Amino acid sequence: LERFGMRWTARRTLGAALAALALITCVSLWPGAWDSSQDLYDANRLREEDQNLRRMVEELSVKLKAERDHSKQILGELDAARKEIDAPPGGHRLAILVPFRNANFELKEFVPYMTKFLTKKGIPFSIFIINQIDSYRFNRGALLNIGFVMAEARHDYIAMHDVDLLPLNDAINYSFPDMPYHAAAPWLHPIYHYPEFIGGIMLMAARHYRMLNGLSGSFWGWGREDDELYKRIVEFKLHIRRPGNLSTGMQHTFRHVHDQEKRVRDMMKVGKQYAAGFTRDRNTGINTTLYMIEAVRHERMDGYPYIMVDVKLKCDEAATPWCIPPDKCVAGYYRHQPSNVCRRCVMNCRKGWVLEPLCSQTTNSRCLLLGKDISEADADARHLRRGTLGGPAPAPKKP
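As a starting point, this report considers the structure included with it. (Residues numbered from 1 in each chain as written. Predicted model: local features only at pLDDT ≥ 70, side-chain atom pairs only at ≥ 80, totals over all residues. Heavy atoms only, no water.)

## A look at the sheet that holds strand β2 (residues 125-132)
At step 1: With mixed pairing, the seven strands of this open sheet are ordered in space as β5-β6-β3-β1-β2-β9-β8. Sheet topology places β5 (181-182) and β8 (291-301) at the edges, where each strand pairs with a single neighbour.
At step 2: Sheet topology places strand β1 (residues 94-100) next to strand β3 (residues 157-161); four bridges connect them, and they run parallel. Across the sheet, Leu94 pairs through a bridge with Tyr157, a residue of β3. (Pairing = 2+ DSSP bridges. Helix = DSSP H or I, 4+ residues; strand = E, 2+ residues; numbered from the N terminus.)

Structure below.
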């Protein structure tokens, strides 16, 4: 019995060993068996990640739905008045042309505001932002010419519109003009009030703009291009229409949002640039504007659409050398005051108002009268009015 018990135990041990060997053999033939625990861990981890992704998708779906609803609301507002934009009654369609450079603060307010303003009036329109990205000085006239060429095919009238001027009075008219319509009339504009002023906001039929050959392209820096446009309009015997004396007056008809401290305008006049600013330019216009379009982007500002056109202008530096930003005061423009130059000329240079090199002596009476926006010719005219040509101004009479 003892031997039988030992043999039975041995047989049982051998059977267990053979079973273990068979198990090991099966495991060795099934490589993934050792990874079963790892697979279980990975499956749990994937399940958790899947649950997290589902939660993220649900959250994003809620956000996207809110944004989609907001977009639908904005598009609904636009479509309500612009549902016939491709074929509006009468066939008129307005192109808002905005000459632009580094005015993002003003642009953020301009696009939504003007879209709402014109939509409320039922005016079919498009907004073109003509963005100058080259290294030359700003050229408002050339940018407007470029915008006109781009818009002319699908728009039969334009608004030459400053980005920093917003209409507050609903009586300001943006409908198709049979004659040039200056919305920002001198008696309504918050800053400029001289009779020949036609800047700020000017509406014009495309055929009239083409007839005038657009604006001059010789004005680099700020100002004077609209004064030259006035000469073209008068020469072609077009009548400039303006709004009447609105009760809102100069203070509440328009809002001027330009911040002179943050975005200083390029007022410098170099060499003969000041004198050239008072002449009728018969050499430049739409047909001579040279440029390269770098990009055309259909963008939105707070959901409101506009077209951004990035352009690089080309300059005939021999004809208008003042297109290049001057790096120093030359030819009558001084950074440091020489002994034979009056202090007023130096101040003008530092402020950006650079006059022709006639003011060169401290004893020159004209020099002593020059101010920020007064030319040599203006100073002479002031002397003539006072009857003191070449001499000092008379003392004021006692009351």
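## What about the pattern of salt bridges?
At step 1: Under the criterion given, the structure shown has 14 salt bridges.
At step 2: Put simply, Asp170 and Lys120 hold a salt bridge, and the shortest N to O gap is 3.6 Å. Of this pair, Asp170 sits in the loop between β4 (165-167) and β5 while Lys120 sits in helix α3 (residues 104-121); the two residues are 50 residues apart in sequence, bridging distant segments of the chain.
At step 3: Under the relative-accessibility criterion, Asp170 is labelled partly exposed at 45%.
At step 4: Under the relative-accessibility criterion, Lys120 is labelled exposed at 60%.
At step 5: A salt bridge links Asp178 to Arg241, with the nearest nitrogen and oxygen atoms 3.2 Å apart. On the criterion of sequence distance, the pair formed by Asp178 in the loop between β4 and β5 and Arg241 in the loop between α6 (225-235) and α7 (249-252) is long-range, its members being 63 residues apart.
At step 6: Residue classification places Asp178 among the partly exposed positions, given a relative accessible area of 45%.
At step 7: Through salt bridges with shared partners, one network takes in Glu228, Arg232, Glu235, Arg280 and Arg282. (Salt bridge = Lys/Arg side-chain N within 4 Å of Asp/Glu carboxyl O. Buried < 20%, exposed > 50% of the residue type's maximum accessible area, 1.4 Å probe, protein only.)

## With respect to the pairing of β8
One face of the sheet, then the other: side chains in a regular strand alternate in exactly this way.
At step 1: As judged from the 10 bridges shared by β8 and strand β9 (residues 304-313), these two strands associate in the antiparallel manner. Bridging from a neighbouring strand, Arg300 pairs with Pro305 of β9.
At step 2: The hairpin turn running from β8 into β9, its antiparallel successor, is two residues long, and Asp302 in that turn takes a positive phi close to 55°.

## Quick word on the pairing of β2
At step 1: Of all eight residues that make up β2, eight are buried, and the element is covered over most of its length.
At step 2: The alternating pattern of β2 places Phe125, Ile127, Ile129 and Asn131 on one face and Ser126, Phe128, Ile130 and Gln132 on the opposite face, and all of these are buried.
At step 3: With seven bridges joining them, β1 and β2 adopt parallel strand pairing. By the bridge assignment, Leu94 is partnered in β2 with Phe125.
At step 4: Once you follow β1 into α3 and on to β2, the crossover reads as right-handed.
At step 5: Note that β2 and β9 share five bridges and pair parallel. Note that in β9 the partner of Ile130 across the bridge is Val309. (Right-handed = clockwise from strand over helix to strand, strands pointing away.)

## Focus on the environment of Glu109
At step 1: Here Glu109 lies in helix α3.
At step 2: Taking C-alpha positions, Glu109 is 8.9 Å from Asp164, a pair spaced 55 residues apart along the chain.
At step 3: If we skip the residues at most four places from it in the chain, Glu109 touches Leu166, Arg255 and Val257. (Contact = heavy atoms within 4.5 Å.)

## Thoughts on the state of the cysteines
At step 1: Applying the stated criterion across every chain, the model contains one disulfide.
At step 2: Put simply, Cys315 and Cys323 are joined by a disulfide, and their sulfur atoms are 2.1 Å apart. Here the S-S torsion is close to -95°, and the disulfide linking Cys315 with Cys323 is therefore left-handed.
At step 3: Under the relative-accessibility criterion, Cys323 is labelled buried at 0%. (Disulfide = S-S within 2.5 Å.)

Nothing here speaks to function; it is all geometry.
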